[in-house]
Amino acid sequence: MKTTFYIFRHGQTDWNINKRLQGKTDIPLNELGLEQASKLADHMKSLPLDMIVSSPLIRAQKTAELVNQYHKLEIEYDMGLRELDFGEAEGLTVIDAQEKYGADLWNNFINHDEESNKFCFPGGEPKGLALERGLSMLKRLSENQHEHIALSSHGGILRLLIHSFLPEGTEPIQISNCILYKIEYEDQKVNISGPIWSL
């Protein structure tokens, strides 16, 4: 059976504006983020969703709730969708992180070759482990009886998942707030489309 995933990033937070690394820090949507999530919900209201799964972090939860207003499903929560744990770098701006940890470390964070999957900020989660939990989640959900599943997630984990299905050497993609991708999963074969919608 083919499972179609609609995976999206949460709406804007104040930390997004300031380009701070959020990771597992539980930052809520700001006013614009709520508007963005509502626009995403309007776009997704005609999709034949039969399941909605969200990261347990509040910014993803709220985005999922707004998408769900047209579908009235019970939202499930899965750690596979949670953002990477950035360890000691959480709360730092991008510029501060680059200055503190150096250009090489930062490039390993934004690159998506196999070698970079060993990367993590001090005290944080290696990219490879985050990718593993995300892929395990997709496989597990593809084995249930739902055919159209919405996934509410974060920029870092979303980028890892998408790049894992793209040719190696693909330039790092930009994951804007509320961007939407489609992942079709059948017999462990994957077809990815998108972004199929963005602000």
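Since the model is a prediction, treat every value here as computed from it, not as a measurement.

### Here we look at the packing of aromatic side chains
Working definition: an aromatic ring pair is given by the centre-to-centre distance plus the angle between the planes.
Move 1: Taken as a whole and assessed by the stated rule, the structure comprises 9 aromatic pairs.
Move 2: Here the aromatic rings of F5 and Y185 are separated by 6.3 Å at their centres, their planes lie at 90 degrees, and the arrangement is edge-to-face. Taken as a pair, F5 in strand β1 (residues 3-9) and Y185 in strand β5 (residues 180-186) lie far apart in primary sequence, 180 residues in all. Side by side, F5 and Y185 carry an identical accessibility label, which is buried.
Move 3: Between W106 and F121 the ring centres are 6.5 Å apart and the planes differ by 50 degrees, which places this aromatic pair in the tilted class. Here F121 lies in the loop between α5 (103-110) and α6 (127-142) and W106 lies in helix α5, a separation of 15 residues in the sequence.

### Focus on the pairing of strand β6 (residues 189-197)
Move 1: In the sheet, β5 pairs with β6 via 6 bridges, with the strands oriented antiparallel. Paired with E186 across the strands is K189, a residue of β6.

### Things to note about helix α7 (residues 155-164)
Move 1: In terms of burial, α7 is largely enclosed, as 9 of its 10 residues are buried.
Move 2: Of the residues making up α7, those classed as buried are G155, G156, I157, L158, R159, L160, L161, I162 and H163.
Move 3: Elements that come into contact with the buried residues of α7 comprise β1, α6, β4 (148-153), β5 and β6.

Calculation criteria
Residues numbered from 1 in each chain as written. Predicted model: local features only at pLDDT ≥ 70, side-chain atom pairs only at ≥ 80, totals over all residues. Heavy atoms only, no water. Phe/Tyr/Trp six-rings, centres within 6.5 Å; stacked < 30°, edge-to-face > 60°. Helix = DSSP H or I, 4+ residues; strand = E, 2+ residues; numbered from the N terminus. Buried < 20%, exposed > 50% of the residue type's maximum accessible area, 1.4 Å probe, protein only. Pairing = 2+ DSSP bridges. Contact = heavy atoms within 4.5 Å.

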